[in-house]
Amino acid sequence: MELSGRVVVVTGGTRGVGAGIARSFAQAGADVVVCARRPPEVPLPKARFVPLDVRDGDAVRHFFTELPRLDVLVNNAGGASYRLLVGTGPERHLRVLELNLLAPLTVSLAAYEHLKRTRGSIVMIGSVSGGRPSPGTAAYGAAKAGLENLARSMAVEWAPDVRVNTLVVGMVRTEQSQLHYGDAEGIAAVSRTVPLGRLAEPADVGAAAVFLASDAAAYISGASLLVHGGGERPAFLDAATVNKET
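Because the structure is a prediction, the values reported are computed rather than measured. (Residues numbered from 1 in each chain as written. Predicted model: local features only at pLDDT ≥ 70, side-chain atom pairs only at ≥ 80, totals over all residues. Heavy atoms only, no water.)

## What about unusual backbone geometry?
And step 1. Between A159 and P160 the backbone carries a cis peptide bond, its omega angle lying at 0°.
And step 2. Assignment of secondary structure puts P160 in the loop between α4 (138–157) and β6 (163–169).
And step 3. Of note in the backbone geometry, K46 takes a positive phi value of approximately 60° without being a glycine.
And step 4. Within the fold, K46 resides in the loop between β2 (31–36) and β3 (47–51).
And step 5. Judged by its relative accessible area of 67%, K46 is exposed.
And step 6. A positive phi angle, near 50°, is found at R119, a position not held by glycine.
And step 7. With respect to the helices, strands and loops of the structure, R119 is situated in the loop between α3 (90–118) and β5 (121–127). (Helix = DSSP H or I, 4+ residues; strand = E, 2+ residues; numbered from the N terminus. Buried < 20%, exposed > 50% of the residue type's maximum accessible area, 1.4 Å probe, protein only.)

Okay, structure coming up:
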């Protein structure tokens, strides 16, 4: 999966999962450009930072106009704070949809001509939240479900020139894990709920993104690759009173 000479843009690539993705592409030999509103606190080796708010359509279009070449776009920028539906104004939910669904569409459209010329690919960073109930982050889950569907439609409309795929990502251990799972004990307890026994590392997501962008995945488009360590153990297995191991 050698990517020397290819130009890769990773949105939201300055920390967490995005930084892991950027490092993985750099290790594969790609010329990596990371975009975010703020620069990385820790410099990313072999990656160039460009300040960009992906919700600003004019700025996004200007960025890609100035970019000489593009082979791979990774739509990673996103996220949401924990907010229950009731008691939260609709404007806040709209901003979540804007960042996690509308912005990837804006960025992809701006990148399209570059990718068409290079017969490149797009990797959407989705979430398991898009395929199950997501209490507390309902707008985020809805946006990620929409993103996966958007990717499948793009894959059909833009074939055969541009491949489009989605990584459906589960729980990842990042510098902000404590905000979601609590202290070290909480993170360990959550890790035990994953069949593989641990949270993903950003490098796990990065390796999967490199695969989907590489020639090894040349016939894969419109696909959703699960990167979730085996998923979630069904709750009924622990609640049932039969077939218990003694």
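## A closer look at the sheet that holds β3
And step 1. Read from one edge to the other, the open sheet built from seven strands follows the order β3-β2-β1-β4-β5-β6-β7, with strand pairing classed as parallel. Each having just a single partner strand, β3 and β7 (224–227) make up the two edges of the open sheet. Pairwise comparison of adjacent strand axes, ignoring direction, gives a mean angle of 20° for this sheet.
And step 2. Note that β5 and β6 share seven bridges and pair parallel. The residue of β6 that forms the bridge with I125 is L167. (Pairing = 2+ DSSP bridges. Axes fitted to C-alpha atoms, helices over the stretch in contact; angles between N-to-C directions.)

## Some details on empty space enclosed by the protein
And step 1. Taken as a whole, this structure holds one cavity of 30 Å³ or more when the rule is applied.
And step 2. Roughly 60 Å³ of internal volume is contained in the largest cavity.
And step 3. Lining the largest cavity, in full, are A80, S81, R83, T88, R92, H93, V96, G136, T137, A138, A139 and Y140.
And step 4. Of all the elements in the fold, those that place two or more residues in the lining of the largest cavity are α3 and α4.
And step 5. Taken together, the residues that form the lining of the largest cavity break down as five nonpolar, five polar and two charged. (1 Å grid on protein atoms, 1.4 Å probe; cavity = no way out; pocket = protein on both sides within 12 Å on 5 of 7 lines; lining within 4 Å. Points joined across faces, edges and corners; volume = space filled by probe spheres on them. Nonpolar A, V, L, I, M, F, W, Y, C, P; charged D, E, K, R; others polar.)

## A closer look at the side chain of R6
And step 1. Topologically, R6 is positioned in the segment before β1 (7–11).
And step 2. Among the polar contacts listed, one links the side chain of R6 to the side chain of D215, at a separation of 2.9 Å.
And step 3. The contact partners of R6, leaving out residues within four places of it in the chain, are A30, D31, D71, A213, S214 and D215. (Polar contact = N/O pair within 3.5 Å; in protein donor to acceptor, adjacent residues only side chain to side chain. Contact = heavy atoms within 4.5 Å.)

## Examining α3
And step 1. In this model α3 runs 40 Å from its N-terminal to its C-terminal C-alpha over 29 residues, within 8% of the 42 Å that 1.5 Å per residue would give.
And step 2. The largest bend in α3 comes to about 50°, at Y112.
And step 3. Where α3 terminates, the next one or two residues include R119, which has phi positive at roughly 50°. (Expected span 1.5 Å × (residues − 1). Bend = angle between axes of the 7 residues up to and from the residue.)

## Thoughts on the packing of aromatic side chains
And step 1. One pass over the structure, following the stated rule, counts two aromatic pairs.
And step 2. On the numbers, 4.6 Å between centres and 45° between planes, the contact of Y112 with W158 is tilted. Here Y112 is found in helix α3, whereas its partner W158 is found in the loop between α4 and β6, with 46 residues between them in sequence. Taken individually, Y112 and W158 each receive the classification buried, so the pair is uniform in this respect. (Phe/Tyr/Trp six-rings, centres within 6.5 Å; stacked < 30°, edge-to-face > 60°.)

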